[in-house]
Amino acid sequence: MASEIIKFENVNFFYDKGKTSETHALKNIDLGIKKGEYVAFFGPSGCGKSTLLYTIAGIEQATSGKILINNRDLAEFSQQELAVFRQLGVGIIFQNFNLIPSITVLENVALPMAFLGISFDVRKKRTLEILNRLGIAELAYRYPHELSGGQQQRVGIARAMANNPPIMLADEPLGNLDSANANKVLDFLKELNQKDGQTIIMVTHEAWSLRDVNRIFYMRDGAITRIESRGPETVKKGASSYYYKKLFPELQAAEARAKTIAHYVLRGYSDEEIKRLEYFLIQLLKKQIDADIFRAVLDRPFKQGGVGLWKQKAEKITREVEEMAKREESLKSLFERMNSNPNAPLKSEIEDIYIWLTKNLKFKITALQRIQMDELIEERVRNIITTEHFVKALNFPRANYGVGLKIGTSLRLKDKLESILGTNKKEEDEKN
Ligand code: ADP
Ligand code: MG
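These figures come from a predicted structure and were not determined experimentally. (Residues numbered from 1 in each chain as written. Chains lettered and ligands numbered in written order. Predicted model: local features only at pLDDT ≥ 70, side-chain atom pairs only at ≥ 80, totals over all residues. Heavy atoms only, no water.)

Q: Give me the lowdown on the overall build of the protein, citing residues and values where you can.
A: In terms of helices and strands, the protein carries 17 helices and 10 strands. Here the protein holds 432 residues, and the buried ones make up 51% of them. In the protein, once contacts between residues fewer than 6 apart in sequence are set aside, the share between residues at least 24 apart is 67%. (Helix = DSSP H or I, 4+ residues; strand = E, 2+ residues; numbered from the N terminus. Buried < 20%, exposed > 50% of the residue type's maximum accessible area, 1.4 Å probe, protein only. Contact = heavy atoms within 4.5 Å.)

Q: Break down the pairing of strand β1 (residues 4-15) for me, citing the residues and quoting the values.
A: Across a regular strand the side chains alternate sides, sitting on one face of the sheet and then on the other. Pairing analysis gives 8 bridges linking β1 to strand β2 (residues 23-34), with the strands arranged antiparallel. Paired with Phe 13 across the bridge in β2 is Leu 26. Looking at chain direction, β1 and strand β4 (residues 64-69) are connected through 5 bridges and run antiparallel. Counted as the bridge partner of Asn 12 is Ser 64 from β4. (Pairing = 2+ DSSP bridges.)

Q: Provide a residue-level description of the packing of aromatic side chains, including the pertinent values.
A: Each pair of aromatic rings is reported with the distance of its centres and the angle of its planes. Scanning all chains against the criterion turns up 4 aromatic pairs. For the ring pair Phe 13 and Tyr 15, a centre distance of 4.8 Å and an interplane angle of 85° mean the geometry is edge-to-face. For the ring pair Phe 77 and Phe 85, a centre distance of 5.9 Å and an interplane angle of 80° mean the geometry is edge-to-face. Each member of the pair, Phe 77 as well as Phe 85, carries the same accessibility label: buried. Directly above the ring of Phe 14 sits Lys 17, whose terminal nitrogen or CZ lies 3.9 Å from the centroid. Directly above the ring of Tyr 354 sits Arg 370, whose terminal nitrogen or CZ lies 3.6 Å from the centroid. (Phe/Tyr/Trp six-rings, centres within 6.5 Å; stacked < 30°, edge-to-face > 60°. Lys NZ or Arg CZ within 6 Å of the ring centre and 35° of its normal.)

Just distances and angles here, no functional claims.
Given below as C-alpha cells:
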C-alpha cells in the first residue's frame, strides 16, 4: 500500500472536547486514498465533510487515531514541516472563494508563492500562465468584487494551483455557481486529475458533482457509511443515468406525488385548501375515486368537505391532473429506457415535455434559448442538475450564459416539471 498518499487510521475528531457543546465530528474514520485518485466525500450538511478536509490539510489535528501523508504521521510533522506541507503539499478550493478583496486577482493567486519567497517576476509569470490556462488572464488586474461568481471561483482554483500541489482539496466547489459555470469547474478538476495527475479530494452534498470521481465515500453523522468504487467504464458511460438509478429508484408513492401536484396547481392557496386537495388527489392517484368524483369534490364548498374552488378552476385542475398522470406514465417508460440504455437520446421526449411545460406561457425566445432550455430539461430529467440549478440556470442573465427568464417564470417551470418528476418538496420551494 505504498502508493497511498493519504491514510486515516481510526481517526476521531471532536470540537469543544469536554465542554457541553462537544461535537463528535469524525467517528472512527479508516480509509486510504491512492496517489492520482479523484475521490469525493458525499453527505448532507453537517456530516463532517469540511472537518475531514481540514484534518487532511493540517488545519485541524485528529483528537485520536492517525493521519498519514505519504506514510508519515501528520501529528509528527514539526511546525516548519507542517507549514511547508500546507503551502506546497495541498491546495484548497473553497465554496465561498475566500479571495482577499483588497488586492487584485494577480496578487491573490501569487500570494501562496510569495509565502515561499519566490521572486516577484517569477510569481507574476507563473500566475499569468495559470490564469491563462483557466481562460481568465484578462482579469489579472481586476479586484474580486468586479468578477462574477464563476470567475471568482476560477481565481480560487488558480490560487489553489499556485504552488502546484500534489493534493487538491475542494470544499463544495460548485455550491455558489450556476450549472454552466459548475460544469466548467468540474471539467477543470477532471483535467487536473487526468492531465496533471493531481490527487483530488472533493466534498459535496450534491450528487451531480460526483460526475467524474473514481470513488465515493458516503458520510453521515461523522462516519463513513459506504464506499463505492467506479471503474473508468462507469464514469465514461453517462454518469447521469447511473445516478438516476440511485436517486430516482422509482416514481414516488401516491402521497408524495399528491403533495407536489397539489402544491403546483394550487400555488397561492391556503395550506388548508392545499391539504384538502392533496387528500382527494391521493384517492384519485390510488384510483379510489375517478375523475368525475374528483371534479365534483373540488367545487363542493369547503365547509361541506370539498375544496371550495370555482367550477372553472375545478375543471382546469382536473384536466391538469389528468394530463400529469398521462405525462407520468410516459415518463415511466422514458425512465425505463434510460436505465436500459444510459446513452439513449431523448430528443423527442424532451421536446414533448418542453411543449407541455411552456403551453400556457406567453413568451418569445430565441433559438439559442430554446436549445439551452431543452438541455436543462434533459439534465433535470436525467437528474444531472438539482432543482436549484435548474431555476438558477433559467433565471441567470443571458450575458452570463443563462437563459435569462424572469425568476417567477423560472420557478413556475421548475414546479411544473417537478410535479411530474415527483421530487419537489414544499419546504424547498418556500425558501426560494
Ligand atoms: P459539513 O462540512 O459536512 O457540512 P462540518 O465538518 O462543517 O460538516 O461539521 C461537522 C459537525 O461539526 C457539525 O455538527 C458542525 O456543527 C460541527 N462544527 C463544525 N465546525 C465547528 C466549530 N468550529 N466548532 C464547533 N463545532 C463545529
Ligand atoms: Mg462543509
